[in-house]
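Structural description and commentary
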Amino acid sequence: MATVRFTHVQKIYANGFHAVHDFNLDIRDRELVILVGPSGCGKSTTMRMVAGLEDISEGSIAIGERVVNGVLPKDRNVAMVFQDYALYPHMTVEENMSLSLRLKGVPVTTIRKTVSTTAETLGLTQHLGSYPRQLSGGQRQRVALARALAPAPKLLLLDEPFAAVDAKVRGELRRWLRRLHDEMHVTSVFVTHDQEEAFAVADRVVMVNQGKVEQVGRPIDIFESPESEFVARFVGEVNIVAADVIAGRARAGQLLVKADGIDDGMRVRLIIRSYDMKFWRDDAAGIGIVRRIIPLGDRVRVEAEVPEVGDLFAHFPRRSSLLRGVEPGCRIAIEVTRARAYSAEG
């Protein structure tokens with residue numbers, strides 16, 4: 001079984017920099033888990049410790065039943081794919097895919113069968129005789145994955161694997177990776193700072209902040225029930241509003257939001273998602289002024305300025321009735337249907 005267990009893992013560099021703090025996490029067999037967080041939060045360092053490319057300062061990492069602290073990378077039965085492909089330009093696709101098997105002394109007939117089967121699964125059969133320079137970015141990334149999967153690793157590690165391809169290809173590769181993971185029955189751990197990428201393919205998402213696990217859960221749970229202000233801010237497009245709680249409502253200028261369970265007199269930060277706010281034209285009593293309207297395909301983004309609050313934005317379906325009459329310069333009423341309040345004190 002390719003379970004992975006992190007127990008109080010820490011990474012402290014010689015200069016005293018604490019990259020990973022008391023990291024605890026259990027990854028189940030055949031699960032696809034994605035570590036998400038801002039650049040520099042310790043995601044890639046954590047991944048590299050699993051692969052054996054970074055030493056563990058404290059704690060332990062177990063793959064299956066074996067603690068791998070100190071075990072050489074080649075002896076962990078782990079494959080890692082990087083964003084820069086790391087393909088050998090002078091080798092064909094077939095030669096790149098078979099390299100690790102040849103280095104292990106696997107018989108030629110077995111190598112040919114393995115490469116053929118893997119290439120068919122990844123849609124690379126027609127490219128086996130091609131060189132990396134003759135392939136698109138998406139095809140090169142599939143070759144890198146094929147090379148990693150050919151030795152049948154227990155654990156597949158992917159560090160920002162789609163960062164070097166354009167948005168359209170990245171979307172196609174996400175869908176393809178999810179199908180591949182399900183077909184190959186491998187445990188996969190993926191690192192990205194792209195929340196959309198994580199939510200599109202993960203069984204569970206691990207939010208990482210300053211080297212610590214901030215929250216773990218299914219994508220829908222992370223999105224709908226953030227356990228901290230960091231997670232609420234990081235996931236999705238949000239408005240951040242400073243407010244004071246008075247009689248069970250948070251007030252910022254003329255904007256009022258329910259604040260049940262929060263003590264009166266508290267200063268809070270309201271995190272309001274773009275779809276949890278309604279704008280509609282109200283020339284008589286509107287509290288905001290529309291500054292921009294931006295078409296985004298099947299959605300429309302409306303940006304407004306509200307006195308004593310600042311700039312707010314909301315997203316609407318392109319044909320929403322709420323958009324009727326809304327135009328730059330008009331006054332709008334605002335209703336917040338849901339907000340999360342976090343103490344701004346201390």
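Structure: above.
Residues numbered from 1 in each chain as written. Predicted model: local features only at pLDDT ≥ 70, side-chain atom pairs only at ≥ 80, totals over all residues. Heavy atoms only, no water.

1. Observations concerning the overall build of the chain
As a reminder, the rule being used: Strands are runs of DSSP state E lasting at least two residues, helices are runs of H or I lasting at least four, and both sets are numbered from the N terminus onward. Using a 1.4 Å probe on the protein chains alone, a residue whose accessible area is under 20% of its type maximum counts as buried, one over 50% counts as exposed, and one in between counts as partly exposed. Note on areas: Shrake-Rupley with a 1.4 Å probe; residue coverage comes only from the protein chains shown.
Within the chain, the regular secondary structure consists of 8 helices and 20 strands. Across its three principal directions, the C-alpha atoms of the chain cover 80 × 45 × 35 Å. Expressed as a percentage of the 346 residues in the chain, the buried residues total 49%. Approximately 17,000 Å² of the chain is accessible, and the part contributed by carbon and sulfur atoms is 48%.

2. Observations regarding the packing of aromatic side chains
Definition in use: Stacked, tilted and edge-to-face pairs are distinguished by plane angle, under 30 degrees for stacked and over 60 for edge-to-face with tilted covering the rest, among Phe, Tyr and Trp rings (Trp via its six-membered ring) whose centres lie within 6.5 Å.
Following the criterion strictly, the structure yields 6 aromatic pairs and no others. Considering the side-chain rings of Phe-6 and Phe-23, the 5.1 Å spacing of their centres and the 65 degrees angle between planes classify their relative orientation as edge-to-face. Taken as a pair, Phe-6 in strand β1 (residues 4–12) and Phe-23 in strand β2 (residues 18–27) lie far apart in primary sequence, 17 residues in all. The two residues Phe-6 and Phe-23 agree in class, both being buried.

3. Looking at the pattern of salt bridges
For the record, the criterion: Salt bridges are defined by distance alone: a side-chain nitrogen of Lys or Arg within 4 Å of a carboxyl oxygen of Asp or Glu.
Evaluation of the coordinates by the stated rule reveals 23 salt bridges. Note that Asp-194 is salt-bridged to Arg-174, the shortest N-O span being 3.4 Å. Of this pair, Asp-194 sits in the loop between β8 (187–192) and α6 (195–201) while Arg-174 is found in helix α5 (residues 167–184), placing the two residues 20 residues apart along the sequence. A salt bridge links Asp-283 to Arg-281; the shortest N-O distance between them is 3.1 Å. Its relative accessible area of 32% is what places Arg-281 among the partly exposed residues.

4. Structural notes on the pairing of strand β9 (residues 204–209)
Spelled out, the test is: What makes two strands pair is DSSP finding at least two bridges between them.
The element β9 is extensively covered by neighbouring structure, given that 6 of its 6 residues are classed as buried. Every second residue of β9 is oriented toward a common face, with Arg-204, Val-206 and Val-208 on one face and Val-205, Met-207 and Asn-209 on the other, all of them buried. The pairing of strand β3 (residues 32–36) with β9 spans 4 bridges and is parallel. By the bridge assignment for β9, Val-33 is matched with Arg-204. Once β9 ends, the chain turns through 2 residues before running back antiparallel as strand β10 (residues 212–217), passing Gln-210 with a positive phi of about 50 degrees.

5. Digging into the side chain of Arg-76
As a reminder of what qualifies: Counted charges follow a simple rule, with Lys and Arg positive, Asp and Glu negative, and His plus the chain ends left uncounted. The term polar contact refers here to a pair of N or O atoms within 3.5 Å; inside protein, the definition further demands a hydrogen-donor-capable atom paired with an acceptor-capable atom, and it admits residues adjacent in sequence only when both atoms are side-chain atoms.
In this structure, Arg-76 sits in the loop between β5 (66–67) and β6 (78–81). Buried within the structure, Arg-76 lacks any salt-bridge partner; its nearest side chain of opposite charge belongs to Asp-55, at an N-O separation of 6.6 Å. A polar contact of 2.9 Å, which involves the side chain of Arg-76, links it to the backbone oxygen of Val-68.

6. Observations regarding the packing of helix α2 (residues 93–103) against helix α3 (residues 108–121)
Selection rule: Geometry is summarised by axes, namely lines fitted to C-alpha atoms with helices restricted to the contacting stretch, and by angles between N-to-C directions that run from 0 to 180 degrees. Put simply, angles under 35 degrees are roughly parallel, angles over 145 are roughly antiparallel, angles from 65 to 115 are roughly perpendicular, and the rest are oblique. Helix crossings get a hand from a simple test, with the near helix turned counterclockwise from the far one by less than a right angle marking a left-handed crossing and a clockwise turn marking a right-handed one. Contact definition: two residues touch when any of their heavy atoms are within 4.5 Å. Here the nonpolar group is Ala, Val, Leu, Ile, Met, Phe, Trp, Tyr, Cys and Pro; Asp, Glu, Lys and Arg are the charged ones; every other residue, Gly included, is treated as polar.
One can describe the packing of α2 onto α3 by two numbers: an axis separation of 10 Å at closest approach and a directional angle of 130 degrees. Between α2 and α3, the interaxial angle falls into the category oblique. Taken as a pair, α2 and α3 cross one another with a handedness that is right-handed. For the pair α2 and α3, the contacting residues are Glu-94, Met-97, Ser-98, Leu-101 and Arg-102 in the first and Ile-111, Thr-114, Val-115, Thr-118 and Ala-119 in the second. Looking at the contact of α2 with α3 residue by residue, the classes come out as 5 nonpolar, 3 polar and 2 charged.

7. Description of the pairing of β2
Sheet topology note: the β1/β2 ladder contains 6 bridges and is antiparallel. Within β2, the residue paired with Phe-6 across the bridge is Leu-25. With antiparallel pairing between neighbouring strands as the criterion, β1 and β2 make up a hairpin whose turn holds 5 residues, including Gly-16 at a positive phi of roughly 90 degrees.

8. A look at the sheet that holds strand β4 (residues 58–63)
In space, the 4 strands of this open sheet follow the order β2-β1-β4-β5, with antiparallel pairing throughout. Taken across any chain shown, the strands that pair with only one partner, and hence form the sheet edges, are β2 and β5. Sheet strands touched by helix α1 (residues 43–51): β1, β2 and β4. Its angle to β1, the strand with the most contacts, is close to 115 degrees.

9. Points about the sheet that holds β8
Pairing is mixed in the open sheet, where 6 strands are placed in the order β6-β7-β8-β3-β9-β10. Both outer strands of the open sheet, β6 and β10, are each paired with one neighbouring strand and no more. For this sheet, the mean angle separating the axes of adjacent strands, direction not counted, is 20 degrees. Inspection of the sheet shows β9 paired to β10 by 5 bridges, in the antiparallel sense. From the neighbouring strand, Val-206 faces β10, where its bridge partner is Val-216. Seen against the sheet, α1 touches β3, β6, β7 (155–159), β8 and β9 and runs at an angle of roughly 150 degrees to β7.

10. Here's the deal with the side chain of Asn-239
One can find Asn-239 in strand β11 (residues 238–246). A distance of 2.9 Å separates a polar atom in the side chain of Asn-239 from the backbone nitrogen of Phe-313. Dropping the residues within four chain positions of it, Asn-239 is found in contact with Leu-270, Ile-271, Ile-272, Arg-273, Ser-274, Met-277, Asp-311, Leu-312 and Phe-313.

11. Here's the deal with the nonpolar core
The condition that has to hold: Each nonpolar core is a collection of buried residues, namely Ala, Val, Leu, Ile, Met, Phe, Trp, Tyr and Cys, held together in the definition by side-chain atoms within 4.5 Å.
In terms of nonpolar packing, the biggest core is built from 44 residues, with Ile-34, Leu-156 and Met-207 touching the most fellow members. Sort the elements by how many residues they give to this core and helix α4 (residues 137–149) lands first, with 6 residues. Ignoring anything within four residues of it in the chain, the contact list for Leu-156 reads Ala-79, Val-81, Leu-145, Ala-148, Leu-149, Val-186, Thr-187, Ser-188 and Val-189. Counting residues in each nonpolar core, the second largest holds 29 residues, with Val-245, Val-309, Ile-334 and Val-336 among its members.

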